[in-house]
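# Examining the three-dimensional arrangement
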Amino acid sequence: GAVVSQHPSWVICKSGTSVKIECRSLDFQATTMFWYRQFPKQSLMLMATSNEGSKATYEQGVEKDKFLINHASLTLSTLTVTSAHPEDSSFYICSARDSRSPFHEQYFGPGTRLTVT
Amino acid sequence: AQTVTQSQPEMSVQEAETVTLSCTYDTSESDYYLFWYKQPPSRQMILVIRQEAYKQQNATENRFSVNFQKAAKSFSLKISDSQLGDAAMYFCATAGFQKLVFGTGTRLLVSP
């Protein structure tokens with residue numbers, strides 16, 4: 001089956017620093033990857049759509065200069081939270097769409113818990 | 001624009017019993033898909049079942065089945081013979097060409 005990995009699974013950083021989260025599709029090529037944010041006991045909120053080789057498309061209200069997304073290859077997308085603040089603490093989930101699948105389904109990574117102190 | 005509504009914040013069921021989770025949606029897409037995802041305490045999103053909107057036949061995956069009412073824009077999930085491992089958050093979602101839109105989720109509690 002389609003597997004998506006995320007690294008790290010858990011990270012603590014100091015306020016003002018930047019942190020990078022990697023999302024990899026392990027056994028398929030993903031021309032499109034997605035980044036979500038999930039607060040406790042809430043649903044997933046789409047932050048941005050990442051297309052390989054082009055700029056990411058951000059959802060309304062998401063600061064593109066704060067959440068930098070790069071999709072440099074068909075198997076890797078990265079999310080960099082720049083100048084992190086405590087309010088950026090959250091659970092970040094990536095997903096990848098299998099280019100071969102006709103069903104528009106997304107395969108999800110296990111998530112990254114970010115804590116900003 | 002797409003919206004998904006899950007009106008049941010929490011549902012309870014006993015082992016071996018059947019439970020139905022409700023979902024309604026709205027979409028402007030003519031070609032779309034519907035999904036139910038499960039999120040256990042590990043927070044890994046797991047696809048439970050999917051339905052192509054152009055298919056009238058309801059999807060079934062082992063103990064999981066859906067009742068898809070296209071005109072009513074309703075997409076409920078039925079879990080038969082509930083097991084302790086079914087306890088999780090369940091999210092209904094719809095997808096057009098690109099992105100998934102999720103509902104707010106229903107927490108399913110399963111008691112022995």
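Heads up: the structure comes first, above all this text.
The structure reproduced in this document is the subject of the present report. Values in this document were obtained by computation on a predicted structure and should not be read as measured data.

What follows covers the overall build of chain B. When its secondary structure is counted, chain B shows 0 helices and 12 strands. Helices (α) and strands (β) of chain B occur, in sequence order from the N terminus, as β-β-β-β-β-β-β-β-β-β-β-β. For 112 residues, the compact-globule estimate of 2.2 N^0.38 gives 13 Å, and chain B sits close to it at 13 Å. Across its three principal axes, chain B shows a C-alpha extent of roughly 45 × 25 × 20 Å.

Another aspect to go through is the environment of A:Gly16. Residues and elements named next belong to chain A. Looking at the secondary structure, you find Gly16 in the loop between β2 (10-13) and β3 (19-25). Counting along the chain gives 14 residues from Gly16 to Ala2, while the straight-line C-alpha distance between them is 36 Å. Look past the residues within four positions of Gly16 in its chain and what remains in contact with it is Ser83 and Ala84.

For the rest of this paragraph, the subject is the state of the cysteines. The final tally for this structure, using the stated rule, is 2 disulfides over all chains. The disulfide bridge from A:Cys23 ends at A:Cys94, spanning 2.0 Å between sulfur atoms. On the S-S bond that ties A:Cys23 to A:Cys94, the torsion sits near 80°, and the link is right-handed. Linking A:Cys23 in strand β3 with A:Cys94 in strand β9 (residues 90-97), this pair joins segments that are 71 residues apart in sequence. Overall, A:Cys94 belongs to the buried group, its relative accessible area being 0%. Bridging B:Cys23 to B:Cys92, the disulfide has an S-S length of 2.0 Å. Residues B:Cys23 and B:Cys92 are joined through a disulfide that is left-handed, its torsion about the S-S bond being -70°. In this pair, B:Cys23 is assigned in the loop between β3 (19-21) and β4 (24-26) and B:Cys92 in strand β10 (residues 88-95), connecting sequence segments 69 residues apart.

Here we take up the pattern of salt bridges. Counted under the stated rule, the structure contains 6 salt bridges over all chains. Salt-bridge contacts for A:Glu59 lead to B:Lys99; the nearest nitrogen and oxygen are separated by 2.9 Å. Within this pair, whereas A:Glu59 is found in the loop between β6 (57-58) and β7 (67-73), its partner B:Lys99 is found in the loop between β10 and β11 (100-102), the two belonging to separate chains. By relative accessible area, B:Lys99 is classed as partly exposed at 30%. B:Asp26 serves as the salt-bridge partner of B:Lys73, at 2.7 Å between the closest nitrogen and oxygen.

Time to look at the packing of aromatic side chains. Across all of its chains, the model carries 12 aromatic pairs over all chains by this definition. Each ring, one from A:Phe67 and one from A:Tyr92, has its centre 6.3 Å from the other, and the planes form 45°; the classification is tilted. Of this pair, A:Phe67 sits in strand β7 while A:Tyr92 sits in strand β9, and the two are 25 residues apart along the sequence. Look at A:Phe67 and you get buried, because its relative accessible area is 5%. For A:Tyr92, a relative accessible area of 0% corresponds to the buried category. Ring plane angle 85° and centroid distance 6.3 Å describe the contact between B:Phe68 and B:Phe75, whose orientation is recorded as edge-to-face. For B:Phe75, a relative accessible area of 0% gives the class buried. Ring pairing ties together the aromatic residues A:Tyr36, A:Phe108, B:Phe35, B:Tyr37, B:Phe91 and B:Phe102, which thus form one cluster. Of note, B:Arg43 hangs over the ring of A:Phe91, and the distance from its end group to the ring centre comes to 4.1 Å.

A few words on the interface of chain B and chain A. Facing 21 residues of chain B, the contacting portion of chain A comprises 25 residues. Of the roughly 1,900 Å² buried between chain B and chain A, counting both surfaces, carbon and sulfur atoms make up 49%. Counting the surface chain B buries against chain A, the share from its top three residues, B:Arg43, B:Gln98 and B:Lys99, is 31%. The tally of links between chain B and chain A comes to 1 salt bridge. Inspection of the chain B/chain A interface yields 6 residue pairs in polar contact (both at pLDDT 80 or more). With 4 residues, the single largest contributor to the side of chain B that touches chain A is strand β5 (residues 33-39) of chain B. Here the side of chain B that touches chain A is built from residues that sort into 10 nonpolar, 6 polar and 5 charged.

How each quantity is defined
Residues numbered from 1 in each chain as written. Chains lettered and ligands numbered in written order. Predicted model: local features only at pLDDT ≥ 70, side-chain atom pairs only at ≥ 80, totals over all residues. Heavy atoms only, no water. Helix = DSSP H or I, 4+ residues; strand = E, 2+ residues; numbered from the N terminus. Rg over C-alpha atoms; globule rule 2.2 N^0.38 Å. Contact = heavy atoms within 4.5 Å. Disulfide = S-S within 2.5 Å. Buried < 20%, exposed > 50% of the residue type's maximum accessible area, 1.4 Å probe, protein only. Salt bridge = Lys/Arg side-chain N within 4 Å of Asp/Glu carboxyl O. Phe/Tyr/Trp six-rings, centres within 6.5 Å; stacked < 30°, edge-to-face > 60°. Lys NZ or Arg CZ within 6 Å of the ring centre and 35° of its normal. Buried area = accessible area lost by both parts, 1.4 Å probe. Polar contact = N/O pair within 3.5 Å; in protein donor to acceptor, adjacent residues only side chain to side chain. Nonpolar A, V, L, I, M, F, W, Y, C, P; charged D, E, K, R; others polar.

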